[in-house]
Amino acid sequence: MSLSNDAVRLLETFPKGADFTPIKVDALNPINGERIHGKHHVLHPVTKQWLHFCGSKDRRSNFFEPVEAAVRSLDQSGAVDLAGVKARYHLAPDFTTLKTEFLLADFRGKKDYDLALGDPVGATATIYDSHNATCRRHAKVGVIRLLCANGMIGFDGQTQTARRKHTTYDDATIFGEQLADLVQGLDLQVAQLQMFQKATVSRKSSMDFIEAQLKPGKADFEKIQAIYDYYGDMGSTGYRLYNTLTHMVSHGLTTNVHSTYINWKSGTRNGVNAFLSSMNYEAKISKIINGLEFKKLIEVAA
């Protein structure tokens, strides 16, 4: 089935630097020069830059494959109006890892979610992929707060996730279909956010929790307090604490909601590792939000 004009327009935004298929060459013993059976080096096809060391069943496909499959499946599902979808790409400087975010401003059920939360929301479909085993190819679908573009981190047992291995049996089409199906299952995440809105959590309790969990230095803690204050219109609620945490994943330690974590991190002294840092930080905050202490704090307050 042919793609709609909106789907074609979306795919045309794919970064040229990410559009390549790695090649595999036999791995050689550095001492005697003999071939190492079943082992290969993964290289960039043009620059011959070394990307990874892998086995014979490993299949390193073009980053474009799962992205195209996802857009095709979303286009055919009718669950999303692709005319309003924006794509955001984060390609690692060494070309080994790509994070693709589709911002779904209009989707089936959106109006109901807006009314339920009293807050305009959208949805994001995010694809993580790598040529060097930094991460397994996987995708997540979740709610995003449109006023500040905070990506809402999912909750254990409710997170919508599809995963695929880089093997000879990998099928990007099936992956795309899984991703399209996940868009249908956002109700549980919205219900959890509604519960956060009803939970009363004081500023002191929120700051004590963040200080205990993240153990930030004085300068960083002051920035976190500024982020918490930025969401003053949410009152003293679990929803405000939650948005403070997800804000840091989306934007870094800044109240500039137009910045991404990667852009913010790139401006620090550890900026060279901004891409990997963003994934590690997201995993860290996700662990906190899904942790027992956070649940206790919210449930006691509700």
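In short, a report on the structure. Throughout, a residue's number is its position along its own chain's written sequence, starting from 1. A pLDDT threshold of at least 70 governs which residues receive local features in this predicted model, and a stricter bar of 80 or more applies before side-chain atom pairs are shown or counted, although totals over entire chains, interfaces and linings include all residues. Neither water nor hydrogens contribute to the side-chain values; these are computed over all heavy atoms in the structure.

### A closer look at the overall build of the protein chain
So, point 1. Strands here mean DSSP runs of E at least two residues long; helices mean DSSP runs of H or I at least four residues long; both are numbered from the N terminus. Scanning the protein chain for helices and strands turns up 11 helices and nine strands.
So, point 2. Burial analysis of the protein chain (302 residues in total) assigns 49% to the buried set.
So, point 3. Here a residue-residue contact requires only that any non-hydrogen atoms of the pair lie within 4.5 Å. Excluding contacts between residues fewer than 6 apart, the proportion of contacts in the protein chain whose partners are at least 24 apart in sequence is 63%.
So, point 4. All accessible-area figures derive from a Shrake-Rupley calculation using a 1.4 Å probe, and residue coverage is judged against the displayed protein chains alone. Surface exposure of the protein chain reaches about 14500 Å², of which carbon and sulfur atoms provide 52%. Think of it in three bands: with a 1.4 Å probe and only protein chains considered, a residue is buried below 20% of the maximum accessible area for its type, exposed above 50%, and partly exposed in between.

### Details of the nonpolar core
So, point 1. Buried residues of nine kinds, namely Ala, Val, Leu, Ile, Met, Phe, Trp, Tyr and Cys, make up a nonpolar core once their side-chain atoms join them within 4.5 Å. In this structure, Phe 102, Leu 245 and Phe 294 are the most contacted members of the largest nonpolar core, which totals 57 residues.
So, point 2. The biggest single contributor to this core is helix α8 (residues 238–251), with six residues.

### Observations concerning the pairing of strand β7 (residues 137–145)
So, point 1. Extensive coverage of β7 is indicated by the burial of eight of its nine residues.
So, point 2. DSSP-based pairing: two strands are paired if at least 2 bridges between them are found. Bridge analysis of strand β6 (residues 121–130) against β7 gives eight bridges, and the strand direction is antiparallel. Within the sheet, the bridge partner assigned to Gly 122 lies in β7 and is Ile 144.
So, point 3. In textbook terms, the turn of a hairpin is the stretch between consecutive antiparallel strands, and for β6 and β7 this stretch comprises six residues, one of which, Ala 133, has a positive phi near 70°.

### Observations regarding helix α2 (residues 64–77)
Given 3.6 residues per turn, any residue in an α-helix points the same way as the ones three and four places further on.
So, point 1. For α2, with 14 residues, the first-to-last C-alpha span of 20 Å sits near the 20 Å given by 1.5 Å per residue.
So, point 2. For α2, every residue scored as buried is listed here: Pro 66, Val 67, Ala 69, Ala 70, Val 71, Ser 73 and Leu 74. Any helix carries an expected span of 1.5 Å times its number of residues minus one.

### So, the environment of Val 141
So, point 1. As for its placement among the helices and strands, Val 141 is situated in strand β7.
So, point 2. Look at Val 141 and you get buried, because its relative accessible area is 3%.
So, point 3. Each C-alpha atom, one on Val 141 and one on Ala 125, is 4.5 Å from the other, the two residues being 16 residues apart in sequence.

### Focus: the packing of aromatic side chains
So, point 1. Here the aromatic set is Phe, Tyr and Trp, taking the six-membered ring for Trp, and pairing holds for ring centres within 6.5 Å; pairs whose planes are under 30 degrees apart are stacked, those over 60 apart are edge-to-face, and all others are tilted. All chains considered together, the criterion is met by seven aromatic pairs.
So, point 2. Here Phe 14 and Phe 64 contribute two aromatic rings whose centre-to-centre distance is 5.2 Å and whose plane-to-plane angle is 75°, an arrangement assigned as edge-to-face. With Phe 14 in the loop between α1 (5–11) and β1 (23–28) and Phe 64 in helix α2, this residue pair connects regions lying 50 residues apart in the sequence.
So, point 3. Among the aromatic residues, those joined into a ring-pair cluster are Phe 196, Phe 209, Tyr 242 and Phe 294.
So, point 4. Whether a charge sits over a ring depends on NZ of Lys or CZ of Arg being within 6 Å of the ring centre and within 35 degrees of the ring normal. We note Arg 240 situated over the ring of Tyr 228; from NZ or CZ to the ring centre the distance is 3.8 Å.

### Observations concerning helix α5 (residues 187–198)
So, point 1. For α5, spanning 12 residues, the distance from its first C-alpha to its last is 17 Å, which sits close to the expected 16 Å at 1.5 Å a residue.
So, point 2. Here α5 has its buried residues at Gln 189, Val 190, Gln 192, Leu 193 and Phe 196. Looking down the long axis of α5, one finds its buried residues gathered within 160° of arc, a one-sided arrangement. Working definition: the arc comes from the directions between the helix axis and the C-beta atoms, pointing outward to the latter.

### Quick word on the side chain of Thr 124
So, point 1. Relative to the helices and strands, Thr 124 resides in strand β6.
So, point 2. Classification of Thr 124 as buried rests on a relative accessible area of 10%.

### What about the pattern of salt bridges?
So, point 1. Salt-bridge detection follows one rule: a side-chain nitrogen of Lys or Arg within 4 Å of a carboxyl oxygen of Asp or Glu. For the structure on display, the rule yields eight salt bridges.
So, point 2. With its nearest N and O atoms 3.7 Å apart, the salt bridge here joins Lys 99 to Glu 282. Linking Lys 99 in strand β5 (residues 97–104) with Glu 282 in helix α10 (residues 274–289), this pair joins segments that are 183 residues apart in sequence. The two residues Lys 99 and Glu 282 agree in class, both being buried.
So, point 3. Across the pair Asp 208 and Lys 204 runs a salt bridge, and its minimum N-O distance is 2.8 Å. Here Lys 204 and Asp 208 lie together in helix α6 (residues 203–214), a separation of four residues that amounts to about one turn.
So, point 4. The exposure class of Asp 208 is partly exposed, given its relative accessible area of 37%.
So, point 5. A cluster of three or more residues bridged by salt bridges with shared partners is formed by Arg 203, Asp 229 and Arg 240.

### Looking at the pairing of strand β2 (residues 35–43)
So, point 1. Two strands pair when backbone bridges link them, and β1 and β2 are joined in this way by five bridges, in the antiparallel orientation. Along β2, the bridge assignment pairs Leu 28 with Arg 35.
So, point 2. Counting the residues in the hairpin turn of β1 and β2 gives six residues, including Gly 33, whose phi is positive at 75°.
So, point 3. Across five bridges, β2 lies against strand β3 (residues 50–55) in antiparallel orientation. Bridging from a neighbouring strand, His 41 pairs with Phe 53 of β3.

### Considering the side chain of Arg 240
So, point 1. Take Arg 240: it is sitting in helix α8.
So, point 2. Within 3.5 Å is the distance limit for a polar contact, defined as a pair of N or O atoms, with the added protein rule that one can donate a hydrogen and the other accept it, and that residues adjacent in sequence qualify only through two side-chain atoms. Side-chain polar atoms of Arg 240 contact the backbone oxygen of Tyr 231, separated by 3.4 Å.
So, point 3. Polar contacts involving the side chain of Arg 240 include one to the main-chain carbonyl oxygen of Gly 235, which spans 3.4 Å.
So, point 4. Discounting residues that sit within four places of it in the chain, Arg 240 has contacts with Tyr 228, Asp 229, Tyr 231, Gly 232, Met 234 and Gly 235.

Functional significance is not addressed by these values, which are geometric in nature.
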